Amino acid sequence: MTVKGYMFDFSGTLMRVEPTADWLDAVLDDLGIEATARERAGCAARLERLGALPGGVSPSVLPDRLRPSWERRDLDPGSHRAAYVGLMREADLPWGEEVLDALYARHMTPAAWHPYPDTAEVLGELRRRGAPVAVVSNIGWDLRPVLREHRLYDLVDVFVLSYESGVQKPDPKIFQSACEALGLPAAQVLMVGDDRVADAGAERLGCRVRFVDHLPAHARPDALRAILDSAD
């Protein structure tokens, strides 16, 4: 059956969060905190290993005390903050709670996110073709301001976010909500994502699924362009 509508994941698919070292540097610079290059590099490495940057790598080890918040992080903003600030505390940064608060706030800003090089091109072409687009994301905060600042918001017709809908991928219900909002049967919708487990849930609904790799933005220049040939 012909593909007439599209669902896209957000993090790792349309956009990628900045590297952990850049995230830390930006906050320390904004706060006027002096630290040596060695100190910054060591702290960034600990944050990276712990998976403390939302949208970055997953934790190598999840402390038991954070597990309840972690499991609900994409369903409840409070749990999202508790999980990630908790992981930041595990890094034993030497600058106090002010830095943790600023790190958490930073990851939700447009400056912390970079579109993949072909994101605007692909979404713009789908808009030109009249194909409706949904963003379907497991996320604990509102990503719309990020897309708006990067001039992508107006290229998306529907937003289905886990913390707003109360359900998260791979549960087919979240994909069903998006298909209904797009006004299309699942068989006519293609899901594009980077998570081989979460995004594959759309297959259980009857959607086609196409995967891209969760790489730094500069390292994945044109993976999304392939979906423009998926209409047949």
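Above this text sits the structure in question.
Because the structure is predicted, anything quoted here is derived from the model rather than measured.

1. A few points about the overall build of the chain
Reasoning step 1: On a plain count of helices and strands, the chain comes out with 9 helices and 7 strands.
Reasoning step 2: Against the compact-globule benchmark of 17 Å for 232 residues, the chain has a radius of gyration of 18 Å, which places it among compact chains.
Reasoning step 3: With respect to the principal axes defined by its C-alpha atoms, the chain has extents near 55 × 35 × 25 Å.
Reasoning step 4: Classification of the 232 residues of the chain by burial places 50% in the buried group.
Reasoning step 5: Pairs at least 24 apart in sequence give 69% of the contacts found in the chain among residues at least 6 apart.
Reasoning step 6: Accessible area for the chain stands at about 10,500 Å²; split by element, carbon and sulfur atoms hold 49% of it.
Reasoning step 7: Charge-centre separation for the chain: the mean point of 27 positive side chains lies 3 Å from the mean point of 36 negative side chains.

2. Some details on helix α2 (residues 37–50)
Reasoning step 1: Taking 1.5 Å per residue as the helical rise, α2 with its 14 residues ought to reach 20 Å, and the 20 Å between its terminal C-alpha atoms agrees with that figure.
Reasoning step 2: For α2, the complete set of buried residues consists of Arg40, Cys43, Ala44, Leu47 and Leu50. Seen along its axis, α2 keeps its buried residues to an arc of 125°; they face one direction. Those residues of α2 that are exposed and angled more than 90 degrees off the buried face are Ala37 and Arg38.
Reasoning step 3: Where α2 is buried, its residues touch α1 (20–31) and α4 (77–90).

3. Points about the side chain of Ser79
Reasoning step 1: Here Ser79 shows up in helix α4.
Reasoning step 2: Excluding its chain neighbours within four sequence positions, the residues that come into contact with Ser79 are Ser69, Arg72 and Arg73.

4. Topic: unusual backbone geometry
Reasoning step 1: With an omega of 15°, the peptide bond between Lys169 and Pro170 qualifies as cis.
Reasoning step 2: Mapped onto the fold, Pro170 is located in the loop between α8 (162–165) and α9 (172–182).
Reasoning step 3: With phi around 55°, Asp92 is a residue other than glycine that occupies positive phi space.
Reasoning step 4: Considering the arrangement of structural elements, one finds Asp92 in the loop between α4 and α5 (97–106).
Reasoning step 5: A positive phi is found at Arg151, a non-glycine position, where the angle reads about 60°.
Reasoning step 6: For Arg151, the location among the structural elements is in the loop between α7 (144–149) and β5 (158–161).
Reasoning step 7: On the basis of relative accessible area, Arg151 is assigned to the exposed category, the value being 76%.

5. Side note on the sheet that holds strand β1 (residues 5–8)
Reasoning step 1: Strand order in this open sheet of 5 strands is β5-β4-β1-β6-β7, and the pairing throughout is parallel. Across the chains shown, the open sheet's two edge strands, defined by having one partner strand only, are β5 and β7 (208–211). Between one strand axis and the next, the sheet turns through 20° on average, direction left out of account.
Reasoning step 2: Pairing geometry for strand β6 (residues 189–193) and β7, over 4 bridges, is parallel. From the neighbouring strand, Leu190 faces β7, where its bridge partner is Arg208.
Reasoning step 3: Across the face of the sheet, helix α6 (residues 119–129) comes into contact with β1 and β4 (133–137) while running at roughly 155° to β1.
Reasoning step 4: Across the sheet, α9 lies against β1, β4, β5 and β6, angled at about 160° from β4, the strand it touches most.

6. A word on the packing of aromatic side chains
Reasoning step 1: All chains considered together, the criterion is met by 6 aromatic pairs.
Reasoning step 2: Here Phe10 and Trp141 contribute two aromatic rings whose centre-to-centre distance is 6.3 Å and whose plane-to-plane angle is 85°, an arrangement assigned as edge-to-face. Here Trp141 lies in the loop between β4 and α7 and Phe10 lies in the loop between β1 and β2 (15–17), a separation of 131 residues in the sequence.
Reasoning step 3: Exposure remark for Phe10: the relative accessible area of 0% places this residue in the buried category.
Reasoning step 4: For Trp141, a relative accessible area of 7% translates into the label buried.
Reasoning step 5: Linked through ring pairs, Phe10, Trp113 and Trp141 together constitute an aromatic cluster.
Reasoning step 6: Against the face of Tyr153 rests Arg148, its NZ or CZ located 4.2 Å from the ring centre.

Calculation criteria
- Residues numbered from 1 in each chain as written.
- Predicted model: local features only at pLDDT ≥ 70, side-chain atom pairs only at ≥ 80, totals over all residues.
- Heavy atoms only, no water.
- Helix = DSSP H or I, 4+ residues; strand = E, 2+ residues; numbered from the N terminus.
- Rg over C-alpha atoms; globule rule 2.2 N^0.38 Å.
- Buried < 20%, exposed > 50% of the residue type's maximum accessible area, 1.4 Å probe, protein only.
- Contact = heavy atoms within 4.5 Å.
- Areas by Shrake-Rupley, 256 points an atom, 1.4 Å probe, with all protein chains shown as cover.
- Lys, Arg positive; Asp, Glu negative; His and termini not counted.
- Charge placed at Lys NZ, Arg CZ, Asp CG, Glu CD.
- Expected span 1.5 Å × (residues − 1).
- Arc of directions from axis to C-beta.
- Pairing = 2+ DSSP bridges.
- Axes fitted to C-alpha atoms, helices over the stretch in contact; angles between N-to-C directions.
- Phe/Tyr/Trp six-rings, centres within 6.5 Å; stacked < 30°, edge-to-face > 60°.
- Lys NZ or Arg CZ within 6 Å of the ring centre and 35° of its normal.

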